[in-house]
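What follows is the residue order along each chain.
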Amino acid sequence: MNRNKGVTGPQGFRAAGIAAGIKESGALDLTLVVNDGPSDAAAGVFTTNKVKAAPVLWSQQVIQSRRLTAVVLNSGGANACTGPEGFQDTHATAEKVAEVLGTGAVDVAVCSTGLIGERLPMDKVLTGVENVAKELDSTVEAGLNAATGVMTTDSRPKQSWKASEQGWSVGGFVKGAGMLAPNMATMLSIITTDAKISGDSLDKALRLATSRTFDRLDVDGGTSTNDTVLVLASGASGVEPSFEDFTALLTEVAGDLVKQLQGDAEGVTKEISITVKQAATEAEAVHIGRTVAEDNLVKTALFGSDPNWGRIAMALGRADAEIDPDVLQILINGVSLYRNGTRDRDRSEADLSGRDIEIVIDLNVGDAEATVLTTDLSHDYVEENSAYSS
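- An unreviewed UniProt entry annotates the chain as Arginine biosynthesis bifunctional protein ArgJ originating from Lentzea waywayandensis.
- Entered under Sequence similarities (unreviewed entry) in the UniProt record, the comment concerning the chain runs "Belongs to the ArgJ family."
- Here is the UniProt Subunit (unreviewed entry) comment for the chain, exactly as written: "Heterotetramer of two alpha and two beta chains."

1. Description of the nonpolar core
Part 1 of the argument: Ranked by size, the top nonpolar core spans 45 residues in total, and within it Leu32, Leu68, Val71, Phe173, Ile190 and Leu230 carry the most contacts.
Part 2 of the argument: For this core, the element with the highest residue contribution is helix H3 (residues 122–134), accounting for five residues.
Part 3 of the argument: Apart from residues no more than four positions distant in its own chain, Val71 is found in contact with Thr31, Leu32, Val33, Ala109, Cys111, Ile190, Leu230 and Leu232.

2. Observations concerning the sheet that holds strand E15 (residues 368–375)
Part 1 of the argument: Taken in spatial order, the six strands make up an open sheet running E13-E12-E11-E14-E10-E15, and their pairing is mixed. Looking along the sheet, the strands with just one partner apiece sit at the ends: strand E13 (342–343) and E15.
Part 2 of the argument: The pairing of strand E12 (residues 335–339) with E13 spans two bridges and is classified as antiparallel. Counted as the bridge partner of Arg339 is Thr342 from E13.
Part 3 of the argument: Seen against the sheet, helix H6 (residues 243–263) touches strand E10 (271–279) and E15 and runs at an angle of roughly 40 degrees to E15.
Part 4 of the argument: Along the sheet face, helix H9 (residues 309–317) touches strand E11 (329–332), E12, E13 and strand E14 (356–362) and points at about 135 degrees away from the line of E11.

3. Overview of the domain arrangement of the chain
Part 1 of the argument: The domain boundaries assigned to the chain delineate domain 1 (13–261) and domain 2 (271–385).
Part 2 of the argument: Computed from C-alpha atoms alone, the centre-to-centre distance between domain 1 and domain 2 is 33 Å.
Part 3 of the argument: Facing 13 residues of domain 1, the contacting portion of domain 2 comprises 15 residues.
Part 4 of the argument: Across the domain 1 to domain 2 interface the summed buried area is about 1,200 Å²; carbon plus sulfur atoms make up 43%.
Part 5 of the argument: Applying the counting rule to domain 1 against domain 2 returns three salt bridges.
Part 6 of the argument: When the shortest N-O distance is used, the salt bridge between Glu282 and Arg216 registers 2.9 Å.

4. Describing the state of the cysteines
Part 1 of the argument: Inspection of every chain in the model, using the stated rule, returns zero disulfides.
Part 2 of the argument: Just so you know, Cys81 is unpaired, no disulfide at all, and the nearest cysteine sulfur is the one on Cys111, 17 Å from it.
Part 3 of the argument: With a relative accessible area of 1%, Cys111 lands in the buried category.

5. Some details on the environment of Gly143
Part 1 of the argument: One can find Gly143 in helix H4 (residues 140–148).
Part 2 of the argument: A sequence separation of 145 residues divides Gly143 from Ile288, and the C-alpha atoms of the two residues are 38 Å apart.
Part 3 of the argument: Gly143 has contacts with Val7, Thr8 and Gln159, leaving out every residue within four places of it along the chain.

6. Side note on the packing of aromatic side chains
Part 1 of the argument: Summed over all chains, the structure comprises three aromatic pairs.
Part 2 of the argument: When the ring of Trp168 is compared with that of Phe246, the centres are 5.7 Å apart and the planes differ by 35 degrees; the resulting orientation is tilted. You can see Trp168 sitting in the loop between strand E6 (158–163) and strand E7 (169–175) and its partner Phe246 sitting in helix H6, a full 78 residues away along the chain. Both residues of the pair, Trp168 and Phe246, belong to the buried class.
Part 3 of the argument: Geometrically, the ring pair formed by Trp309 and Tyr338 is tilted, given 5.2 Å between the ring centres and 40 degrees between the ring planes. Placement of Trp309 in helix H9 and of Tyr338 in strand E12 is noted, with a sequence separation of 29 residues between them. The same class applies to Trp309 and to Tyr338, which are both buried.

7. Regarding the sheet that holds strand E3 (residues 41–46)
Part 1 of the argument: One open sheet accounts for five strands, arranged E3-E9-E8-E7-E6; its pairing is mixed. Among the strands making up the open sheet, the edge pair consists of E3 and E6. Pairwise comparison of adjacent strand axes, ignoring direction, gives a mean angle of 10 degrees for this sheet.
Part 2 of the argument: Pairing analysis gives six bridges linking E3 to strand E9 (residues 228–233), with the strands arranged antiparallel. The residue bridging Ala41 from the neighbouring strand is Ala233, located in E9.
Part 3 of the argument: Across the sheet, helix H5 (residues 199–212) lies against E3 and E9, angled at about 35 degrees from E3, the strand it touches most.

So, how was this worked out
Residues numbered from 1 in each chain as written. Predicted model: local features only at pLDDT ≥ 70, side-chain atom pairs only at ≥ 80, totals over all residues. Heavy atoms only, no water. UniProt positions renumbered as here; feature names shortened; annotations may be inferred. Core = buried A, V, L, I, M, F, W, Y, C linked by side-chain atoms within 4.5 Å. Buried < 20%, exposed > 50% of the residue type's maximum accessible area, 1.4 Å probe, protein only. Helix = DSSP H or I, 4+ residues; strand = E, 2+ residues; numbered from the N terminus. Contact = heavy atoms within 4.5 Å. Pairing = 2+ DSSP bridges. Axes fitted to C-alpha atoms, helices over the stretch in contact; angles between N-to-C directions. Domains from an automatic or database assignment. Buried area = accessible area lost by both parts, 1.4 Å probe. Salt bridge = Lys/Arg side-chain N within 4 Å of Asp/Glu carboxyl O. Disulfide = S-S within 2.5 Å. Phe/Tyr/Trp six-rings, centres within 6.5 Å; stacked < 30°, edge-to-face > 60°.

Rendered as structure tokens:
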């Protein structure tokens, strides 16, 4: 896995990121990713929140054709809860990109991230589109600028790229640090590939990949209004992989991006994995993992490096799933602390002083398994989210 490359790693893509003046800080805030083909297959998954931002509504419409030529993304404003005018702003942005690139607006997806409820400064956005198009390139630096242009409370850009043995590759970037929950998050991700694959197969592969990666990260239970993951396929490698091989590599790259999201989450001091084993169904395993991941008493205990298995038992016990406390087991960092209805080894034997914490919940009621990723609830998380309007 190469984190120095992103969307420009696969053949057939150019990208750029510039400072368009949307952010008062003068930081990079406008990104453009262009697929030069020969194929223009694309697919997307979006937030399940009923309150959807204008760019999500627009992109959901245009992706129905399973085709995209370009994606334009801005940080510094979510364009969410902005009414019909906000949707018109999104449409105008797509029209401007289409004009500059010589394509149609229906071939352009739009993504936004930042403060909810404010209109975007459209004069800066539209001028920015003209300027960012001039910077388009296929270099590693151009890909990094694109990844940087979507950052909000992120501390660093997040990229990933991996090539297959057959000569095709998958690359991408992601942004997100808070309001991260299952069913996507306050998170934007663009993934590119030079594999030859149809739009329908791309859609199926993306849904399989996100169900095991992006949908398994839960930082704070907040499902955002703007969540978007788009994958674009140029076909420029000339190689048509099997569906299984493509889905596997796509899932691998998506999983690496999610690990970077977890490591850069707001206020994070602990990176926590919760694996639920021998559940009745995979859906129940995921549900139990999410219930534990979102529990504030669990998260604060882990922030304090306290292996308080009682809080984990309490949290999982309120999940709507098949659970028998007399046969389940809870392990923290490899130490069995609860087994068959009572305390097992002394909690002091579990060392939580490091950054990584592994919780294993063995239900012993079935054969399904799932892992959910989360973080602790720290002073910095509270301070950052009380100071940042979102």
